[in-house]
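Tertiary structure, described
Chain by chain, the residues run as shown.
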Amino acid sequence: MRAALSHQQANQLEAAEKLYRQALALSSDEPDCLHMLGVVCLQTGRPQEAIGLILKASVLTGWRFPKMRHNLSLALCDALSENDAYTSVRHIAYRMWCQQRAAGKTMRQPLVSVIIPSYNHEAYIADCLLSVYGQTYRQIELIVIDDGSTDSSPALIKNVLGDCPFPHQFIARENRGAHATINEGIAFATGEFINILNSDDRFSPERIQRMVEEVACSGADWGFANVQIIDGIGIPVKNPAPGSRAADLQKILAEGPRATTIGFGLLSANFAITTGNFFVSRTLFQRLGGFSNLRYNHDWEFALRATRESEPVYVPERLYLYRLHDHNTIAESSIAPKIEADELFRTYFQANDRPTSNPFAPSKTYWGNRYLAEKYRFTCQQTSDHHSIMELAQWISNGEKSTTIPPLSYLSFFEEQPDIGRILDYIANNDFPEAIPFDQAQRYGVTAMAIEWLRRPGQIFTILEVGANRHKILGSLLPQDRIIYLDVEIPEEMKAYSNVIEGDATALAFSDSQFDVIVALDVLEHIPSEKRRDFLWHTTRVARLMTVIAAPFDDPRVRAAEVDACAFWDRLMPKPYRWLTEHADNGLPNLTETRSILTGLGVKHWPIGHGRLKLWNDMLKGHFSAEAMPGLRPVMHALDELYAKNLLAHDFSDIGCYRHFLFCSPSPDEIDNMANYFSSLSKLPPSEDADLCVVQKVLAVMQELALEQGKPWSYED
């Protein structure tokens, strides 16, 4: 066990798994071994196997260990989300909707009511009030209610209000509690929007201005901003000690915005932090009925209820200064707030199995498995509800699907852009795990089109593919033909294949015209420049009917696109992208020079460009995004399939393309036929042009998501 754990901690997962299994062969009911083997399965992408192992360990230990329940929740979440295209596509739709909302801003200057509930904060109340006076936005009214303070707060408030630049009210009365005081203050408000400010906290000077710009001007009902943690004397907290309350809050603040939606972020933790961070329309507040009578979590409970009604805006700037001191309410107890939160979430998950007014709010109706993953993540933390967890594990093991969820095209913001809704539904409702990656579809798809055009009825070709890949894609597209695959290095597992041979394309040991067709796709750029003439001579010499050569050729636009793609990869991954790095190191071939060599060899040929650079660059970044963020893989598979089906045959362009095809033949007639055929395909039909626009919008969102959220879950040992 100890050796296995050492291997696991060193990320030597295969060795760790072998040792864990050896230990289980000796004692099959060892809980620690079952648990840690389950974690290995989780780390290696086998969540269903992980569920069985960790579940057994949890049962054997009487569900006593929180870390087991935590890792079981991760396994359940991963299994529910595995290949869940709908969740990823709805995430993309959500991001598009947020962008559209932000782009539709109008200039507004609504009256904002700032509500300060004060209670025994004589050390901080003056600082709090002055932070309101210093706001850059001036359409403000101020309402202060002292909730029965026993210190000098009321007198200090009266004194400081003497210099208040805004219309204001001050009420002092007996103690009734935070939620009642806030509700009462808001009842006096006349502003269109409300911003609470707790009497021990502060606003940044531009707080109200930025919240008006981002929330009110975008037409949203409510929102909140990032938070700066400050200490008792108002100094920003930096590098807090691990395990401290400040460190825990900073972790919550960092992780919350990275969730699928702001609503899902609030399900994991209250990253709004406090009531004072809410900027909410008075209409929404009244519709919700104000804050509930909770001691510790009235802010969190309000945020979750508000999200059911209306999607919040999150402003990433630190516009609220939250003060940590010895008398924060939440610090009174380590147990009571959790008990209160647990009850809050039981109620929440019961209610949210039904539809909500906000179509992006976490609910079973709108999010299916993504919502269920959150529900059972919570359930796994409850030591009393083991029956539900075991039912879910069985449900997943049986491969059952979530309930039917509505199409994305029904969302109102797609009414004026129906093509986006149509494409997103296509992605969400189809599964294409075997889709050929677009870059390979470009090479092999165009080649297969050329060979089929060349074919006479009933004709079977002998084909030599030079520089073949291990997937034998050409054979899957041309199953009736006899294909030999040649490469300078053959993987060990392919050496036994009779149709795979090792050889040098610059010195082919075949007789003239031995094959009907020679195919060499993205090989020329990997041949040393001094051997390229030999490569061209041999690949055209042994072809009876045609040689198809494809490669990216040297062009400033191609180089810039490759540099841009590599830079994007580098932002996501620790190691350089090998294939494009080789292009930069070796230099791409020159198209004019290549054609001159072919002409000098007496080879008739015709070139055509394929793969518009913008689309090529976006699609490649889409693959990089899916590599960094596995949840996007089903989306990328569907986009690959859509590209091959609708866009490939019309992705021709001599200007601004990624690669050129050179069709070489001893027959001028074959060259003319090929030129006429491909020239007729160059123009993109209007329906496919609409698909192209949508695909590029989806890819742009995927890139944003990968850059923002491409970090893995953290496991607990």
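Residues numbered from 1 in each chain as written. Predicted model: local features only at pLDDT ≥ 70, side-chain atom pairs only at ≥ 80, totals over all residues. Heavy atoms only, no water.

Moving on to the overall build of the protein chain. From N to C terminus, the protein chain includes 29 helices and 15 strands. Across its three principal directions, the C-alpha atoms of the protein chain cover 100 × 70 × 45 Å. Burial statistics for the protein chain: of 717 residues in total, 56% are counted as buried. Considering only intrachain contacts with a sequence separation of at least 6, the fraction spanning at least 24 residues in the protein chain is 77%. Surface exposure of the protein chain reaches about 31,400 Å², of which carbon and sulfur atoms provide 51%. (Helix = DSSP H or I, 4+ residues; strand = E, 2+ residues; numbered from the N terminus. Buried < 20%, exposed > 50% of the residue type's maximum accessible area, 1.4 Å probe, protein only. Contact = heavy atoms within 4.5 Å. Areas by Shrake-Rupley, 256 points an atom, 1.4 Å probe, with all protein chains shown as cover.)

Examined against the element boundaries, Q228 turns out to sit in strand β6 (residues 222–230). The spatial distance from the C-alpha of Q228 to the C-alpha of E184 is 27 Å, given a sequence separation of 44 residues. If near-sequence neighbours (up to four positions away) are discounted, Q228 is found in contact with P236, V237, R318, Y320, L321 and Y322.

Our next topic: the pairing of strand β10 (residues 482–487). In this sheet, β10 lies alongside strand β9 (residues 462–466) in parallel orientation, the contact comprising five bridges. Residue E465 lies in a different strand from β10, and its bridge partner there is Y485. Inspection of the sheet shows β10 paired to strand β11 (residues 500–502) by three bridges, in the parallel sense. Counterpart to D487 in the pairing with β11 is E502. (Pairing = 2+ DSSP bridges.)

According to the stated counting rule, one finds zero disulfides in the structure shown. Of all cysteine sulfurs in the structure, the one in C164 sits closest to C128, which takes part in no disulfide; the separation is 12 Å. With relative accessibility at 0%, the residue C128 sits in the buried group. The cysteine C657 is free of any disulfide, with C664 supplying the nearest cysteine sulfur at 16 Å. (Disulfide = S-S within 2.5 Å.)

Read from one edge to the other, the open sheet built from eight strands follows the order β3-β2-β1-β4-β7-β6-β8-β5, with strand pairing classed as mixed. Every interior strand has two partners, whereas the edge strands, β3 (168–173) and β5 (202–203), have only one. Sheet topology note: the strand β4 (residues 193–196)/strand β7 (residues 279–281) ladder contains three bridges and is antiparallel. Along β7, the bridge assignment pairs N195 with F279. With respect to the sheet, helix α7 (residues 125–133) is in contact with β1 (112–118), β2 (140–147), β5 and β8 (313–323), its orientation differing from that of β1 by roughly 180°. (Axes fitted to C-alpha atoms, helices over the stretch in contact; angles between N-to-C directions.)

A few words now on the packing of α7 against helix α8 (residues 153–161). Where α7 meets α8, the closest approach of the two axes is 10 Å, and the angle between their N-to-C directions is 25°. For the element pair α7 / α8, the angle class is roughly parallel. Crossing handedness for the pair α7 and α8: right-handed. Contacts from I125, A126, L129, L130 and Y133 in α7 reach L156, I157, V160 and L161 in α8. Tallied by class, residues from the contact of α7 with α8 come to nine nonpolar, no polar and no charged. (Parallel < 35°, antiparallel > 145°, perpendicular 65-115°, else oblique. Left-handed = near helix turned anticlockwise from the far one by under 90°. Nonpolar A, V, L, I, M, F, W, Y, C, P; charged D, E, K, R; others polar.)

One open sheet accounts for seven strands, arranged β11-β10-β9-β12-β13-β15-β14; its pairing is mixed. Of all the strands in the sheet, the pair left with one neighbour each is β11 and β14 (604–612). When strand polarity is set aside, the average angle formed by the axes of neighbouring strands in this sheet is 20°. Note: β9 against strand β12 (residues 515–521), four bridges, orientation parallel. Across the sheet, residue E465 finds its bridge partner in β12, namely V519. Along the sheet, helix α26 (residues 613–628) contacts β14 and β15 (657–665); its crossing angle with β14, the most-contacted strand, is approximately 55°.

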